[in-house]
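Listed here are the chains, written in short residue letters.
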Amino acid sequence: MQSEQSNVQVMGIDAGGTMTDTFFVRADGRFVVGKAQSNPEDESLAIYHSSVDALAHWQREVDDVFPELVTCVYSGTAMLNRILMRKGLAVGLICNKGFEQIHSMGRALQSYLGYALEDRIHLNTHRYDEPLVPVARTRGVTERTDVQGRVVIPLREEDVRQAVRELVEAGSQAIVICLLQSHKNAASELRARDLAREELARLQVDIPVFASVDYYPSRKESHRMNTTILEAYGAEPSRQTLKKVSDRFKKHGARFDLRVMATHGGTISWKAKELARTIVSGPIGGVIGSKLLGEYLGDENIACSDIGGTSFDVALITKGSFAIRSDPDMARLVLSLPLVAMDSVGAGAGSFVRLDPYSKSIKLGPDSAGYRVGTCWPESGLDTVSVSDCHVVLGYLNPDNFLGGAIKLDVQRAREHIKAQIADPLGLSVEDAAAGVIELLDLTLSEYLRANISAKGYNPAEFTCFSYGGAGPVHTYGYTEGVGFKDVVVPAWAAGFSAFGCACADFEYRYDKSVDLGLAQFASDELKAAACATLQQAWQELAVKVIDEFVINGFQPQDVLLIPGYKMQYMGQLNDLEIVSPVSSAATAQDWDRIVASFETTYGRVYASSARSPELGFSITGAILRGMVVTQKPVLPEDPDAGPTPPPQAYLGTRPFYRHKQWREAALWKMEALKAGNHITGPAIIESDATTFVVPDGFETTIDKHRLFHLKQVK
């Protein structure tokens, strides 16, 4: 019989392309991490196996624990992968007549998204991906609303009915409607939506209709159109994946409603209307978790760095807040989604390693071994060297303890592939070739991290770097060396850190709406009050949508805390800032003054006080409304200090470790057996079933009361 204190309350899931991590938290704040290979065919099965792995540490069974859980948050890449592989629904598109090519053109920007500088500047390297909706399934209808929101040419209703008939005949499984300027005046688009549903009912065809104003009422028709298409093309099939995950939980007695990490940093139900907001969720969990740890440590400025099998993701938290992008790009599509600002490079522990046939230089990625690890796993079916093969050859990883021994790695097989593909062509030993690959990856990541901080005008010495992800602790020393961070922190649960962050996130829905409000610095009180009235009306429209989402999930309207916000800029500037409103409702000139003051304070913090330009006037470009309800969250344990000397049972012996052209013996430590206050000097390797923390010579680490390792260079 489990005591009340040991009941498991919170679960976080990070279903990545390589590994599926689960994170369980007990009522007393203790937590455990599980890991299993991802299963693209059945994510629910990978989650189950990862859960079994985690709960084995507590000698618990899935069937006993799942009924105890109060909340569970999922994050994954299934929808993004579906978009990249073009495996979504056959969508039909209705737009304005004469604008049938908007989706295919993608503002031209999409032809070089994700390219390096040398490819961006040469037109002959630009290419367009296959559009999610081909022109053959696009129909134009007669209608025109101008930029002020006036209907200049009324909607020709028969055009809509004809378009629906033709799209059904063309095999459409969903219909998207996106008309110009509908964010200014939704009347024509909403009428087209109703007509489409009427015509489908007459045809006795049961397919969904998506109007852009119901989902993303924002300016920039390419972004709005892409995002609504994404909702139909990728989100609805992903809902079936999430239903499968939810059903497996229920099969084992779970009673919670599965939540999903959303792009804005909150969580939403898998039943939510706007499921496209979950297109990228795993890396965002890490940012949320970093923010919480920063609060524990008293750090306001944090560089978040996440290394998985396929990518390196970087985000900055400054003054305790992370930035939100309102017009991001994802999968080479421009979108209208609020997205936690992150930058990614396609280099990770599973990246394939090749030699350029002409320059003989080493190339990393961008493709990856994914869940197949590398040639060191005999059952992988791979014959191309990956970064993980280099780890094994150099002694970084324990070939008998990968995923807790679930997979056995073949060091000799990895050596043979590295020798044939990298070492012999370069005239190097196998060890030097493998070490060169690791140094190149570390240098790539270091420069990318440093550039992300410096390019925004910050000094690394003001930042604490959090390193996590399954491969983060292996590379932490390499990509942070010489950057000059104030502190470098590796959580003991780094492998499941994004899943931990998901469990930390609020249950929160967010809706945005474009507005156009411009006032001079010394506008009259009447104009200020009128601007407030327009903003308040937008908030009220969004509040209805937010509350509707929570009602779907069984909450009452009075359970929901509404938090209004807005996007503001100085008149004439290109970029706006997102602000949490200092007033709960806007009506008076005094309310406007407080709204402006809050913007100017934030502007001075993000840029500089001297850069503020009130004489230009103020422009509100968007209204934001967030709604949240109280949920159970993890609480970090605080272990008593056990002194600098690790306990004898934590010592596992030594293993040969290659660095700087020589083999040396590295002390091996069991991560779970180390205590708060323990101090370890390199060369050392700290192992757990889920990850490996490398502390080479010239480095030392101390574990604190929250089970966070602080890594330092020895001077």
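Residues numbered from 1 in each chain as written. Predicted model: local features only at pLDDT ≥ 70, side-chain atom pairs only at ≥ 80, totals over all residues. Heavy atoms only, no water.

### Focus on the overall build of the chain
Assigned secondary structure in the chain consists of 17 helices and 35 strands. Projected onto the principal axes, the alpha-carbon positions of the chain cover approximately 80 × 60 × 55 Å. Considering only intrachain contacts with a sequence separation of at least 6, the fraction spanning at least 24 residues in the chain is 68%. (Helix = DSSP H or I, 4+ residues; strand = E, 2+ residues; numbered from the N terminus. Contact = heavy atoms within 4.5 Å.)

### Examining unusual backbone geometry
P683 follows G682 through a cis peptide bond whose omega is 5 degrees. Among the secondary structure elements, P683 is positioned in the loop between β31 (679–681) and β32 (684–687). Even without being a glycine, K360 presents a positive backbone phi close to 60 degrees. Within the secondary structure layout, K360 lies in the loop between β21 (351–355) and β22 (362–368). Residue class for K360 comes out partly exposed when judged on its relative accessible area of 45%. (Buried < 20%, exposed > 50% of the residue type's maximum accessible area, 1.4 Å probe, protein only.)

### Examining the side chain of D512
Assignment of secondary structure puts D512 in strand β25 (residues 507–519). A polar side-chain atom of D512 sits 2.8 Å from a polar atom in the side chain of R510. With residues near it in sequence (within four places) discarded, D512 still touches P217, R277, P338, L542, K567, A623 and I624. (Polar contact = N/O pair within 3.5 Å; in protein donor to acceptor, adjacent residues only side chain to side chain.)

### Considerations on the sheet that holds strand β6 (residues 138–141)
In spatial order, the strands read β6-β5-β9-β10; together these four strands make up an open sheet with parallel pairing. With partners counted over all chains shown, the strands left at the sheet margins are β6 and β10 (209–211), one partner each. For this sheet, the mean inter-axis angle between neighbouring strands, taken without regard to orientation, is 20 degrees. Taken together, the three bridges between strand β9 (residues 174–177) and β10 define a ladder with parallel strand orientation. What sits directly across from I175, in β10, is V209. Contacting β9 and β10, helix α7 (residues 187–203) crosses the sheet at an angle of about 175 degrees to β10. (Pairing = 2+ DSSP bridges. Axes fitted to C-alpha atoms, helices over the stretch in contact; angles between N-to-C directions.)

### Quick look at helix α16 (residues 525–552)
When the terminal C-alpha atoms of α16 are compared, their 41 Å separation across 28 residues agrees well with the 40 Å that a helix rising 1.5 Å per residue should span. Among the residues trailing α16, G554 stands out with phi positive, at a value near 90 degrees. (Expected span 1.5 Å × (residues − 1).)

### Thoughts on the packing of aromatic side chains
The final tally for this structure, using the stated rule, is 30 aromatic pairs. Put simply, the rings of F23, F31, Y468, W493, F497 and F500 pair up and form one aromatic cluster. Above the face of the W58 ring, R26 is positioned so that its terminal group lies 4.8 Å from the ring centre. Against the face of Y511 rests R277, its NZ or CZ located 5.7 Å from the ring centre. (Phe/Tyr/Trp six-rings, centres within 6.5 Å; stacked < 30°, edge-to-face > 60°. Lys NZ or Arg CZ within 6 Å of the ring centre and 35° of its normal.)

### Side note on the confidence of the model for the chain
Summarising the model, the chain shows a mean pLDDT of 88, and 98% of its residues fall at 70 or more. Every residue in residues 1–5 is under pLDDT 50, and counting partners more than four places away or in other chains gives seven contacts. (pLDDT = per-residue confidence, 0-100.)

### Looking at the nonpolar core
F24, F249 and W493 are the most contacted members of the largest nonpolar core, which totals 159 residues. The dominant element in this core, judged by the number of residues it contributes, is helix α13 (residues 430–454), at 10 residues. Residues F507, V546, V596 and V629 belong to the second largest nonpolar core, which totals 37 residues. (Core = buried A, V, L, I, M, F, W, Y, C linked by side-chain atoms within 4.5 Å.)

### Let's talk about the packing of helix α1 (residues 43–55) against helix α9 (residues 221–251)
It is at 8 Å that the axes of α1 and α9 come closest, and there the two elements cross at 40 degrees. In terms of axis orientation, α1 runs oblique to α9. As α1 runs across α9, the sense of the crossing is right-handed. Across the interface between the two elements, E43, S44, L45, I47 and Y48 from α1 touch T241, K244, V245, R248 and F249 from α9. The class makeup of the residues in the contact of α1 with α9 is five nonpolar, two polar and three charged. (Parallel < 35°, antiparallel > 145°, perpendicular 65-115°, else oblique. Left-handed = near helix turned anticlockwise from the far one by under 90°. Nonpolar A, V, L, I, M, F, W, Y, C, P; charged D, E, K, R; others polar.)

### Side note on the pattern of salt bridges
Summed over the entire model, instances satisfying the criterion amount to 41 salt bridges. R165 is paired through a salt bridge with E199; the nearest N and O atoms lie 3.1 Å apart. Here the residue R165 occupies a position in helix α6 (residues 157–169), and E199 occupies one in helix α7, the gap between them amounting to 34 residues. Among the ionic contacts, a cluster of salt bridges with common partners joins E157, E158, R161, R165, R191, E198, E199 and R202. (Salt bridge = Lys/Arg side-chain N within 4 Å of Asp/Glu carboxyl O.)

### Remarks on the sheet that holds β32
Within a sheet, each strand pairs with its neighbour through backbone hydrogen bonds, oriented either parallel or antiparallel. Strand order in the open sheet made by the four strands is β29-β30-β32-β33, with mixed pairing throughout. Single-partner strands in this sheet number two, and they are β29 (651–659) and β33 (692–695). Along the sheet, successive strands turn relative to each other by an average axial angle of 25 degrees, direction set aside.

### Brief notes about the domain arrangement of the chain
Each assigned domain of the chain is listed here: domain 1 (8–83 + 238–278), domain 2 (86–236), domain 3 (300–485), domain 4 (508–628) and domain 5 (648–713). Centre-to-centre, using C-alpha coordinates, domain 3 lies 40 Å away from domain 4. For the pairing of domain 3 and domain 4, the buried interface totals around 460 Å² over both sides, and the portion due to carbon and sulfur atoms is 54%. Joining domain 3 to domain 4, the criterion identifies zero salt bridges. Among the residues forming the side of domain 3 that touches domain 4, the class breakdown is three nonpolar, two polar and one charged. (Domains from an automatic or database assignment. Buried area = accessible area lost by both parts, 1.4 Å probe.)

### As for the side chain of N226
On the secondary structure map, N226 appears in helix α9. For N226, a relative accessible area of 2% gives the class buried. Of note is the side chain of N226, whose polar atom sits 2.9 Å from the side chain of H103. A polar contact of 2.7 Å, which involves the side chain of N226, links it to the side chain of Q110. Once you skip the residues sitting within four places of it in the chain, N226 turns out to touch H103, Q110, L333, V334 and L335.

### Observations regarding the packing of helix α12 (residues 411–426) against α13
Two elements in contact, α12 and α13, have axes separated by 9 Å at closest approach and are oriented at 75 degrees. If you check the angle between α12 and α13, you find them roughly perpendicular. Taking contact as the criterion, the partners of R415, I418, K419, I422 and A423 in α12 are, on α13, V430, E431, A433 and A434. Here the contact of α12 with α13 is composed, by residue class, of six nonpolar, no polar and three charged.

### Concerning helix α14 (residues 472–480)
Most of α14 is tucked away, with nine of its nine residues classed as buried. Listed as buried for α14 are G472, P473, V474, H475, T476, Y477, G478, Y479 and T480.

### Remarks on the pairing of strand β26 (residues 561–570)
If a strand is regular, its side chains alternate between the two faces of the sheet. With respect to burial, β26 is a largely interior element, eight of its 10 residues being buried. By the bridge criterion, 10 bridges tie β26 to strand β28 (residues 618–629) in an arrangement that is antiparallel. Looking at β28, one finds that L561 is bridged to M628. Of the pairings in the sheet, the one linking β26 to strand β27 (residues 577–580) comprises four bridges and is antiparallel in character. By the bridge assignment, G565 is partnered in β27 with V580. Here β26 folds back onto β27 in antiparallel fashion, the turn holding six residues, of which G572 has a positive phi close to 90 degrees.

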